[in-house]
Each structure stands twice: as structure tokens, then as C-alpha cells.
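The primary structure of each chain is shown beneath.
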Amino acid sequence: MSTAAKLADLRARLEKAQDPGSEKSRKRRDDAGQTTPRQRINALLDEGTFVEVGALARTPGDPDAVYSDGVVTGYGRIDGRPVAIYAHDKTVYGGSVGVTFGRKVTEIMDMAIKIGCPVIGIQDSGGARIQDAVTSLAMYSEIARRQFPLSGRSPQISIMLGKSAGGAVYAPVTTDFVVAVEGQAEMYVTGPAVIREVTGENISSAELGGASQQELNGNVSAVVGSEEEAFDYVRELLALLPTSTFDEAPVAWAPADDELDDSDLDTFMPDDTNAGYDMMDLLVQLGDDEDIVEIQANYAENLICAFGRIDGRTVGFVANNPMHYAGCIDADAADKGARFIHICDAYNIPLVFVVDTPGYLPGVEQEKVGLIHRGAKFGFAVAGSTVPKVALIVRKAYGGAYAVMGSKNLTGDINLAWPTAQIAVMGSAAAVVMIQGKQLAAVEDPAQRAAMKKMFMDFYDETMTSPYVAAERGFIDSMIQPSETRLALRRALRQLASKQVFDLPKKHSIRPL
């Protein structure tokens, strides 16, 4: 064969590999209005930066094998920074995992481990390739084995654009972030047909594993309305994260200290100490701008976990939201907060706790779902994190919830408080029952009883919950006016920029169950 013929043969093979699925499967995809894996990759990456690897790979020993083996893999850039990426091709073997598929994905994961860059998986998979038997399971294990050395070294992100069943859901939920498109993404270990056959339960696939349902289950970081929104979210997220734990996150423009005008914050807090307000309305005023990327926005809404910027640098906000459960920390919130803290600590992102919580959520149901060990997990994550930790107490900080929300006694570095702060073992309403309950019950006159109760609560608030009690004892570093908050946070984080912590020699800690 001449050189010209060989070049023509190469071009023909590469052309065939561009969209190698059967005509029937491609038509089904096109009729559904779905994009190809290469279109998805190019929509996410900087224009013209995608370099494909393994375009001509296929199942060895099978003359009818299809190019790509159901996955497109390669490298590219987002905002000029390197990423490794792969995207399932549903038109080839249903996007299921076979031996060549697995080798292609593990190849780029190995490269990401070597060079230290994020790995992004665009998921649309039929699960294990049944006809490949144990080989498919082995490839799932090979992929999972590489997720561990990548974990905490470089960000791993999964974008769910279709159904993922069986083993195909474990790899995504092991990554740092899972972004799912409503109406397209579905995730479950066993599908509706298998459940119906084994247990007799009848449920649709959307009800079982749709994007919103899996967000409520705690398995999804963000639910968006379209593929375009998913790619925008990932780009915004990566703009706040370092390329690896050994790199700094990108630094953005920030207004100068003397340009800050936060006088409105002096009137932010309601006079009624039990009035609700949306904590997000405060968070957007604490950073450099309103661009905040929230994680698991609709899961455990009583605790907000979000990335933002202070002084041009990325921070992780962990904030109680009084609009939900009055800001109490329940078991789900504890899990959510603990994982977010682990992520921030892994990528050297300082933590800013914004505190307004009456405590851990009481109740029989909470005890049943394991609030004890799940709540302890939150505190364990705080104590184990070594990044700078700044706490801002804006209102209530009661009981164990005070301790875990960045208190100085649980390794918090700098604690700030507004004059509206209330810090105590419990609030006055609970304290009056615990301390004066019997005496009040003995008073027969309702008016007299109410007057005594109010007198005790006023005395308790003045002498026990006052932030100045904590400040006098050294548990608050600075009492600040709300209008001084942004400047105080900047100065605290600048002070802590060179913080170093060295743990005692050991293999690793053992977190609560």
C-alpha cells in the first residue's frame, strides 16, 4: 500500500471513529435531541484545546468491534488550565464499560495522577457490559482504584447527562462533585424492573433515581436544567478550585480595603432574636461579589456550604440558615458539612463559618437516624482540618453546635462576633425550663408566672448569652460592628495565610461511624 493510500486509510478510520454508533442508535440519540460525546466535551473545554486519546481503540480479537468502545477520552483546558476528560457514548454498546473502555479511562486517570490535574467524567452509561462478564467488573475496579490516589490531589467532577445504573453510579459518587441535569440524569444501583421483580415494589425510573430525587438523597452536588448549565456550573466551580493540592486556586480581582462600603450590614439583623432570615442574603454581602457557588443547595438546607471569594481568594462558607429548622444542625446537615470541610481542607481552601444556630436538632427521628455519630463526624472534620478557620457569630451559638461551627476550642483560629451574638449552653427559653421549671409550676397565678419567667429569661440573656461574657473569657477575639465584617474577615485571612499545622505521627485518623 502506498503512503497516499495509508494516509487515506487513516483519514477514513478517524472519520468513522468520530460517530461510530449504529445508524439506529444515532437516530435514537438525534431524535431525542441529545448531543454526541465529542460535542459535549468541546462545549465544556476551551475552544480548540481537546486532544483525543484512543479514538481507534476497540475490543481486541473482535473483527466487528466498534471504534472508541463506548467512551471518548483525552485532555484539554478550561480557562487555560489542564484537565483530563472522558465522555460515555451511549450509541456504542449503550456506553457500558468493557475492557477497552476501562483501559482508555484508566490511561487518562493515570496521566492526571502524574501531572496533577482535574478529571471530569461525562456520564451516560448502561452500566457493566454483561457480555464481558468479569472483565467489565475488573475495569470498574481499575477505575475505582485510581480514584483513591486522585482523591484530594486534584478535583474530580462527574456530569450526569443520562442514566447510570449499577456499578456506573459508584464511580461518580466517589468523585468530589456530581452535577446532574434534571430530566436527563437518572442514578440507581438497581433499576425499577429489577426492584419490581425482586421486591414487588413498583416505581418509575425518574421517581427512583431522577436528578432532584438523588439530590434529596444526598448523592448530587447540584441539579441544573440543561447540559449548557451543567458545563457553566463546572467552569464556575473549577475557577474557584486549584488545579491540584500543590497549586493555588486562581486569584481574582477584588476591591481595595478603602473601597468597601458595608454600612447596610449594621441594619441587617432583625431585632427579634427568633425572626427568620435567609443566610444567603448575608453571605453574598461578605465576599468580594455575589458570585457564590453553592454545593447541595437543596439537601439539608439548614446548612449552607458554598464557595466564594474574600480578598480575591477562594474561601469555603459553612453557614447556618435560620429559614430552615431555625438553623439547627440535623444529621443530614452534619454529613453535608463534614464532607464540604474535607474538600476545602484537601485543596487548601480557608473555611469561614457564619454562625446562627440554636443547637443540634432534637427529636426521636434524629436519634433514630444516627445524629450522635453523624453529628460527631461534623466536629471531627472541623478538628481534623488544618486550613485557616475563621468563625463569625452573628446571632445564636448554642450548645454543641457552637463548638463545631469553628469555635476556638475546636481548632478555630480566629473568632469574631457581632453585638447581636448570643453564646451559651442553651437559649433562655430552654434554660428557664431546665433551671426554674419546678418553681414556675408552683406559681398558680398565670400573670405572676409569666412575669417571673420573663424576669429570669431577661437576666439569663444579659448574664449568660451575652457575647461579652465569651469575649471576657477569651473565646471571642474581636467584637465587631457588622459594617466592619468584610474588612475584619480579610485581615483575619491575611494573618492566617502562612498557617502551618503538623499532626502527631500516625497512619490516619478513624472518623466516627
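Small disclaimer: the values here were computed from a predicted structure and weren't measured.

### Remarks on the overall build of the protein
Helix and strand counts for the protein come out as 19 helices and 17 strands. Its C-alpha atoms put the protein at 100 × 60 × 45 Å along the principal axes. For the protein, with 513 residues in total, the buried portion stands at 50%. Considering only contacts in the protein between residues 6 or more positions apart, those separated by 24 or more positions represent 74%. Here the protein displays about 24,100 Å² of accessible surface, and carbon together with sulfur accounts for 54% of that area.

### Here's the deal with the packing of aromatic side chains
Counted by the stated rule, this structure contains 3 aromatic pairs. Taken together, a centroid distance of 6.2 Å and an interplanar angle of 70 degrees make the contact between Phe177 and Phe307 edge-to-face. Of this pair, Phe177 sits in strand S7 (residues 177-181) while Phe307 sits in strand S11 (residues 303-310); the two residues are 130 residues apart in sequence, bridging distant segments of the chain. Since its relative accessible area comes to 0%, Phe177 is described here as buried. Between Phe268 and Tyr277, the ring centres sit 5.4 Å apart and the planes meet at 85 degrees, which makes this aromatic pair edge-to-face. Assigned by exposure class, Phe268 and Tyr277 land together as buried. Members of the aromatic cluster, joined through ring pairs, are Phe177, Phe307 and Phe340.

### Comments concerning the nonpolar core
One finds Ile120, Ile159, Phe307 and Phe378 to be the most contacted residues of the largest nonpolar core, which totals 64 residues. Here the element with the most residues in this core is helix H12 (residues 331-346); it accounts for 7 residues. Other than its neighbours up to four places away in sequence, Ile120 contacts Leu44, Ile78, Val83, Ala84, Ile85, Tyr86, Ile157, Ile159, Val234 and Leu238. If you look at the next biggest cluster of nonpolar residues, it comprises 30 residues, including Ile292, Leu416, Leu489 and Ala492.

### Description of the UniProt feature "domain: CoA carboxyltransferase C-terminal" (unreviewed entry) in the protein
Per the UniProt annotation, the sites labelled "domain: CoA carboxyltransferase C-terminal" (unreviewed entry) are residues 255-507. Secondary structure across residues 255-507 divides into 39% helix and 18% strand, with the first and last C-alpha atoms of the span separated by 43 Å.

### Comments concerning the sheet that holds S7
Taken together, 7 strands build an open sheet; the order of strands is S1-S2-S3-S4-S5-S7-S9 and the sheet is mixed. Every other strand in the sheet has two partners, leaving strand S1 (51-53) and strand S9 (222-224) as the edge strands with one partner each. Between one strand axis and the next, the sheet turns by 20 degrees as a mean value, whatever way the strands run. With 8 bridges joining them, strand S2 (residues 71-78) and strand S3 (residues 81-88) adopt antiparallel strand pairing. Across the sheet, the residue bridging to Val71 is His88, located in S3.

### Looking at a nonpolar patch on the surface
A grouping of Leu10, Leu14 and Leu56 is seen on the molecular surface, where their side chains present a nonpolar patch of about 210 Å² in accessible area. The residue Leu56 is located in the loop between S1 and S2 in this model. Since its relative accessible area comes to 32%, Leu56 is described here as partly exposed.

### Description of the domain arrangement of the protein
Each domain of the protein was delimited in the assignment, giving domain 1 (13-240), domain 2 (263-421 + 476-496) and domain 3 (427-465). Look at where the C-alpha atoms of domain 2 and domain 3 centre, and you get two points 30 Å apart.

### A few points about the pattern of salt bridges
Evaluated as defined, the whole model comprises 26 salt bridges. Across the salt bridge formed by Glu52 and Arg38, the nearest N and O atoms sit 2.7 Å from each other. Residue Glu52 is located in strand S1, and its partner Arg38 is located in helix H3 (residues 37-44); the two are separated by 14 residues in the primary sequence. When its relative accessible area of 7% is taken as the criterion, Arg38 is described as buried. One salt bridge connects Arg313 with Glu248, and the closest N-O pair in it is separated by 3.3 Å. Placement of Arg313 in strand S12 (residues 313-320) and of Glu248 in the loop between helix H10 (227-238) and helix H11 (279-286) is noted, with a sequence separation of 65 residues between them.

### Structural notes on the pairing of S3
A large share of S3 lies buried, amounting to 7 of its 8 residues. If you look at the hairpin formed by S2 and S3, you'll find 2 residues sitting between the two strands, and Asp79 has a positive phi there, around 55 degrees. Sheet analysis places S3 next to strand S4 (residues 119-123), joined by 4 bridges and oriented parallel. Bridging from a neighbouring strand, Ala84 pairs with Val119 of S4.

### Some remarks on the pairing of S7
Within S7, 5 of the 5 residues are buried, which leaves the element mostly enclosed by the surrounding structure. A two-sided burial pattern is seen for S7, the buried positions comprising Phe177, Val179 and Val181 on one face and Val178 and Ala180 on the other. Bridging between strand S5 (residues 156-160) and S7 involves 4 bridges; their strand directions are parallel. Each bridged residue has a counterpart across the sheet, and for Ser158 the counterpart in S7 is Val178. As defined by bridge partners, S7 adjoins S9 across 3 bridges and the pair is classed as parallel. Bridge assignment links Val179 to a residue of S9, and that residue is Ala222.

### Description of the side chain of Asp69
Relative to the helices and strands, Asp69 is located in the loop between S1 and S2. At a separation of 2.8 Å, a polar atom in the side chain of Asp69 contacts the main-chain amide nitrogen of Phe101. Once residues within four sequence positions are removed from consideration, Asp69 is found in contact with Ala57, Thr59, Val92, Tyr93, Ser96, Gly98, Val99, Thr100, Phe101 and Arg129.

### Notes on unusual backbone geometry
Not every positive phi belongs to a glycine, and Asp79 is a case in point at roughly 55 degrees. The residue Asp79 is located in the loop between S2 and S3 in this model. The phi dihedral of Ala326 falls on the positive side, at around 60 degrees, and the residue is not glycine. Relative to the elements of secondary structure, Ala326 occurs in the loop between S12 and H12.

### Brief notes about the packing of H12 against helix H14 (residues 371-384)
Where H12 contacts H14, the two axes come as close as 8 Å, and the packing angle between them is 20 degrees. One element, H12, and the other, H14, form an angle in the roughly parallel class. Seen along the crossing, H12 lies across H14 with a hand that is left-handed. Mapping the contact onto sequence places Ala331, Asp332, Ala334, Asp335, Gly337, Ala338, Ile341, His342 and Asp345 in H12 and Leu371, Arg374, Gly375, Lys377, Phe378, Ala381, Val382 and Gly384 in H14.

Basis of the calculations
Residues numbered from 1 in each chain as written. Predicted model: local features only at pLDDT ≥ 70, side-chain atom pairs only at ≥ 80, totals over all residues. Heavy atoms only, no water. Helix = DSSP H or I, 4+ residues; strand = E, 2+ residues; numbered from the N terminus. Buried < 20%, exposed > 50% of the residue type's maximum accessible area, 1.4 Å probe, protein only. Contact = heavy atoms within 4.5 Å. Areas by Shrake-Rupley, 256 points an atom, 1.4 Å probe, with all protein chains shown as cover. Phe/Tyr/Trp six-rings, centres within 6.5 Å; stacked < 30°, edge-to-face > 60°. Core = buried A, V, L, I, M, F, W, Y, C linked by side-chain atoms within 4.5 Å. UniProt positions renumbered as here; feature names shortened; annotations may be inferred. Pairing = 2+ DSSP bridges. Axes fitted to C-alpha atoms, helices over the stretch in contact; angles between N-to-C directions. Patch = residues over 30% accessible without salt bridge, like charges linked within 9 Å, V, L, I, M, F, W, Y side chains within 5 Å. Salt bridge = Lys/Arg side-chain N within 4 Å of Asp/Glu carboxyl O. Domains from an automatic or database assignment. Polar contact = N/O pair within 3.5 Å; in protein donor to acceptor, adjacent residues only side chain to side chain. Parallel < 35°, antiparallel > 145°, perpendicular 65-115°, else oblique. Left-handed = near helix turned anticlockwise from the far one by under 90°.

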